[in-house]
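# Descriptive structure summary
Spelled out, the chains give:
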Amino acid sequence: MGFIMAFKKADKSHLAPRKFSDKKAQSIFEYVILTAVVVAVVLIFGPYFDDIKKSCTKAFNDAVTEIVK
């Protein structure tokens, strides 16, 4: 029981509570970073996605041709 109480006391922050606007700014910042990462991935790996799409389309068309025979 003493260990749990000591843990709860250690868990308190000594910093002043953040304002709502700080949390909102942090959320916006996180979304901007996430968007930048997604755009970078799409730009870097874009050509590979085209190759994968062509391979899947060819495989699908071959499978349909086999089924129709």
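Residues numbered from 1 in each chain as written. Predicted model: local features only at pLDDT ≥ 70, side-chain atom pairs only at ≥ 80, totals over all residues. Heavy atoms only, no water.

## Quick notes on the overall build of the chain
Scanning the chain from terminus to terminus reveals two helices and zero strands. Expressed as a percentage of its 69 residues, the buried residues of the chain come to 1%. (Helix = DSSP H or I, 4+ residues; strand = E, 2+ residues; numbered from the N terminus. Buried < 20%, exposed > 50% of the residue type's maximum accessible area, 1.4 Å probe, protein only.)

## Considerations on the pattern of salt bridges
Overall, the coordinates contain two salt bridges when judged by the stated rule. Two residues, Lys58 and Asp62, come together in a salt bridge whose shortest N-O distance is 3.0 Å. With Lys58 and Asp62 both in helix α2 (residues 20-68) and four residues apart, the pair spans about one turn of that helix. Taking relative accessible area as the criterion, Lys58 reaches 54% and is therefore assigned exposed. Of the charged contacts, one joins Glu66 and Lys69 as a salt bridge, the two residues approaching to 3.5 Å between their closest N and O atoms. Of the two residues examined, Glu66 and Lys69, each falls in the exposed class. (Salt bridge = Lys/Arg side-chain N within 4 Å of Asp/Glu carboxyl O.)

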